[in-house]
Every structure is written in structure tokens, then in C-alpha cells.
Amino acid sequence: MANFKNAFSVKQPDIHVVIGPPSTGKTALIRQVVQSSKCLFKPIFINLRNGQFDTPQRVYDSIYSQFNPFFNKYKSLLKNNFVKKLYLEYTDFNLLNRFNNRYREKTSDDVRILLEKISDYLPNWSFWHNYQIPSPILIIDEANLLNQLEHKDKSLLKLILNWFVLNSKERERFHIVLTSSDSFFFTWLTECLNTLHVKPYIIGDLTNQEAEEYFEKHALPQYGCKELSGKFNQICKITANRFSVYESEYNKLNHGLYPDSYNFRFLDKLNPPLWNDVDLIKVMNAIVKAENQGYIFENDLIKEIGAEKVYSLIDYNFLHRRLTTRFTYDIIDPPNKIILTAMNQPSVCAMKQVLSEIVEKK
């Protein structure tokens, strides 16, 4: 939290990409950082999980619904101290009065006008500090779903990404935080922007030591279970196989042994599975053998089963790919190479179980 708070407080706004496997608490952490620092940040949240950026109309509605309340809250301050300096007519200041015609489907041009108005009416980052007002920070959850526009409206996608760079790096309007559980999102984003405008951060599982500390200092006092103090390892062994996350990972791995089956036909993926059962078994063996280390090297696995199969397993969330060591606190002395990890600790436990069942059948 302290690291993110410092990163969001620097004078020059940036684009921050927070990456990690599903359910590692990326969004929860960012929310906690900005909400525990209400005097510093005014979060503007856009959640893409429900497909808010798949058409110009939905892009428009999502952005408008989040920014308009912000402008309304500070309209007097902006009108008196900022808008006049720009010689803008205040009649235009209500973000989308002229463009909020509900009887007409919004187009990419409407989105462009909206984004331009937001940029024009927002002051520099330092303006808010001068008036001791929390600075806006745009947070987009599951930002990898921006790539929906790549197949439907590339010009709109380019417009939005350029707007990100314009308002963070160039005009210094606000910080932008993009969270994603897609291992390839960071690579895709930097390729779209054609430059390294973004800072990546990795959010992983707690280390065993941190998990035990949380168990002892927070969980036990909260639930009044002092009699379990000092029994963290035993509790982990007893409960690991009963968590819903474990069950989900266990079922997914079993289905993954039959990639051509019905279970994979209707997943929202552009490409079909490219691995076979032998490939997945090799992957599980490699992850389990490296459990104490916490990772395997991508190049080693590519040599074992081939790049296409490795990337297909990553795409289907059997592995998580880490491009950077920034904020990788769950791995001791992480190497400066691309590494692969299990999606989470329950997944490692599930791999052990699946492998043991395979041995028993033989």
C-alpha cells in the first residue's frame, strides 16, 4: 500500500498496469490504497467485466457516467479558477449536454468529442493539490477487455489509448491504473502504444511467512480463535482441499487433460487449445517440482513442449506469465527473466492431487 501510495503521489502522472492471476486482490488492493487516502485521491472507477467497452455507445456511457459526477461536484471551483482562464463558455461545461441525446446511437466521433471535453476541462494534476482537494485517478478494472475493440473498432481503441497517454504523460491531468489478470495484456498494451509509456506491477500470492503473520495477527483475533495460534501449517493442510478455489482449480486441471472436450468449446477465447494431456502433465510436474522456488523459466518450458503450447496454456489460465519483477514480493530473489507460475497456491495443491491420481490409475 505504501509503495502504491507513493507511486500515485508523484508530480508527473503515469499509466500504471497492475497484473496478477485472478483472485489475488489486485482491484481490492488499489481500492484500499485510494480509499484509505481520501485526502489525496478521488478514484474514478470503470469496471470492464460486463463488456462496457465493446461498442461506441457503451464506451461513451461508461466514461460519461463516471466523469460527469466528478465535474458536477467541483464545477464551481473549476468554473471560477480554471475554465475562465481557458476562455471556455460555461454553457459548454456540462460535459455532454449537447451530445447526450438518448434517441441516437453514439458513434466513435461522439466518444472523441467526449474525451476532448474531459481533457479540455480538467486542470493540471498540481491544481488539486494547490486547493487541497483529492486528485482524480482513473482506475479501469480488467482492462484487458479493451482488446474487444481491436476486432470491432480499431480507430476507437487507438483514440482511447492515445487519450490515456495524453492525459497522463503529456498534459499531466491524472494517473491511470489498469488492472488485468491476462498474462499478455502488458505486452499487448505496449505494442498498441508503440512505446513504453506504462509502468508494470506484479501482484501475487502472499509468501508463506506473510500468510502466517496475517493468520496470527489478524484472522485469529478477528474470529476469537486463539487456541489455533501456532498451528498455521496444520490448518493449511486440513483446509487446502476444501476451499472453493482449490475445487475450481482441480476441476479445471482435470478438464485440461481433455482439451478437445466439450468443456473448452464455448470459452471466450479466439484460439482453440493447442496442448494435449501429455503436455499438461509435463507442466504440472515442472510446477510441483519447483514449488519451493515458486516458478519455472518460460524458455525451459518452451524447450520442453514448444512455444505455441506454452502460450495456449497461459491463454487458458493454467499458467501465469510474469514479465517483470516489479513488486514481486511473493518470490524470494526473483530472476530478471520471464518466469511462469501456477495461478495460485491452491492450483499447486490441485496439481499434486491430479498427478497422484494419474499415477494411481497407471
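In the annotation of an unreviewed UniProt entry, the entry for the protein chain reads ATPase domain-containing protein, and the organism field reads Rhizophagus irregularis.

Enquirer: What am I meant to see in the sheet that holds strand β8 (residues 339–341) here?
Expert: By definition, the strands of a sheet pair up through backbone hydrogen bonds, in either a parallel or an antiparallel sense. Read from one edge of the open sheet, 3 strands run β6-β8-β7, paired in antiparallel fashion. Looking along the sheet, the strands with just one partner apiece sit at the ends: β6 (296–297) and β7 (320–322). Sheet topology note: the β6/β8 ladder contains 2 bridges and is antiparallel. If you follow Phe-297 over to β8, its bridge partner there is Ile-339.

Enquirer: What exactly am I supposed to notice about helix α9 (residues 208–223) here?
Expert: At 3.6 residues per turn, the α-helix brings residues three or four places apart onto the same side. With 16 residues, α9 should cover 22 Å at 1.5 Å per step; its first-to-last C-alpha distance of 21 Å lies within 8% of that length. Taking the largest bend as the criterion, α9 deviates by roughly 40°, centred on Phe-215. For α9, the set of buried residues is Ala-211, Phe-215, Ala-219 and Leu-220. Phi turns positive one or two residues past the end of α9, at Gly-224, with a value near 60°.

Enquirer: I tried to follow the packing of helix α7 (residues 154–170) against helix α8 (residues 185–193) on my own but got confused; where do I start?
Expert: To characterise two packed helices, one gives the angle between the axes of the helices and the distance between these axes. Two elements in contact, α7 and α8, have axes separated by 10 Å at closest approach and are oriented at 90°. The angle between α7 and α8 falls in the class roughly perpendicular. Across from Leu-157, Leu-161 and Val-165 in α7, the residues of α8 making contact are Trp-188, Leu-189, Cys-192 and Leu-193. Class assignment for the residues of the contact of α7 with α8 results in 7 nonpolar, no polar and no charged.

Enquirer: Sorry, what's going on with the packing of aromatic side chains here?
Expert: The tally for this structure, following the rule as stated, stands at 21 aromatic pairs. When the centroid spacing of 5.1 Å and the interplanar angle of 55° are considered together, the rings of Phe-4 and Tyr-201 count as tilted. Within this pair, whereas Phe-4 is found in helix α1 (residues 2–9), its partner Tyr-201 is found in strand β5 (residues 198–202), the two being separated by 197 residues in sequence. Judged by its relative accessible area of 0%, Tyr-201 is buried. Cluster of aromatic residues (ring-pair linked, three or more members): Phe-70, Phe-71, Tyr-74, Phe-127, Trp-128 and Tyr-131. A cation sits over an aromatic face here: Lys-252 above Phe-318, 5.4 Å from the ring centre. Positioned over the ring face of Phe-297 is Lys-337, at 5.2 Å from the centre of the ring.

Enquirer: Explain unusual backbone geometry to me, please; I cannot follow it from the model alone.
Expert: Leaving glycine out, the prevailing phi sign among residues is negative, and the prevailing peptide bond configuration is trans. Positive phi outside glycine occurs at Gln-132, with the angle close to 55°. Tracing the backbone shows Gln-132 in the loop between α6 (125–130) and β3 (135–141). A relative accessible area of 74% places Gln-132 in the exposed class. Despite not being glycine, Asn-317 shows a phi value in the positive range, around 65°.

Enquirer: Would you explain the environment of Lys-289 in this entry?
Expert: Mapped onto the elements, Lys-289 comes out in helix α12 (residues 277–289). What makes Lys-289 exposed here is its relative accessible area of 73%. For the pair formed by Lys-289 and Lys-352, sequence separation is 63 residues and the distance between their alpha carbons is 9.8 Å.

Enquirer: Just checking my understanding: could you explain the nonpolar core for this structure?
Expert: Nonpolar side chains in soluble globular proteins tend to end up buried together. Counting residues in hydrophobic clusters, the biggest one holds 49 residues, and the most contacted among them are Phe-67, Leu-138, Phe-164 and Leu-178. Beyond its immediate chain neighbours, meaning those up to four positions away, Leu-138 contacts Ile-44, Ile-46, Phe-67, Trp-163, Phe-164, Phe-174, His-175, Ile-176 and Val-177. Core analysis: the next-biggest nonpolar cluster, separate from the first, contains 27 residues, Ala-290, Leu-340, Ala-342 and Leu-355 among them.

Enquirer: How do you make sense of the packing of α12 against helix α15 (residues 345–361) when you look at a structure like this?
Expert: Between α12 and α15, the shortest axis-to-axis distance is 10 Å and the interhelical angle comes to 125°. Here α12 is positioned oblique relative to α15, judged by the angle of their axes. Seen from above, α12 lies across α15 with left-handed handedness. Contact residues: α12 offers Ile-281, Met-284, Asn-285, Ile-287 and Val-288, while α15 offers Val-348, Met-351, Lys-352, Val-354, Leu-355 and Ile-358. Looking at the contact of α12 with α15 residue by residue, the classes come out as 9 nonpolar, 1 polar and 1 charged.

Enquirer: Is there a simple way to explain the side chain of Ser-135 in this structure?
Expert: Mapped onto the elements of the fold, Ser-135 is located in strand β3. Taking the relative accessible area as the measure of exposure, Ser-135 reaches 0% and is therefore buried.

Thresholds, definitions, all that
Residues numbered from 1 in each chain as written. Predicted model: local features only at pLDDT ≥ 70, side-chain atom pairs only at ≥ 80, totals over all residues. Heavy atoms only, no water. Pairing = 2+ DSSP bridges. Helix = DSSP H or I, 4+ residues; strand = E, 2+ residues; numbered from the N terminus. Expected span 1.5 Å × (residues − 1). Bend = angle between axes of the 7 residues up to and from the residue. Buried < 20%, exposed > 50% of the residue type's maximum accessible area, 1.4 Å probe, protein only. Axes fitted to C-alpha atoms, helices over the stretch in contact; angles between N-to-C directions. Parallel < 35°, antiparallel > 145°, perpendicular 65-115°, else oblique. Contact = heavy atoms within 4.5 Å. Nonpolar A, V, L, I, M, F, W, Y, C, P; charged D, E, K, R; others polar. Phe/Tyr/Trp six-rings, centres within 6.5 Å; stacked < 30°, edge-to-face > 60°. Lys NZ or Arg CZ within 6 Å of the ring centre and 35° of its normal. Core = buried A, V, L, I, M, F, W, Y, C linked by side-chain atoms within 4.5 Å. Left-handed = near helix turned anticlockwise from the far one by under 90°.

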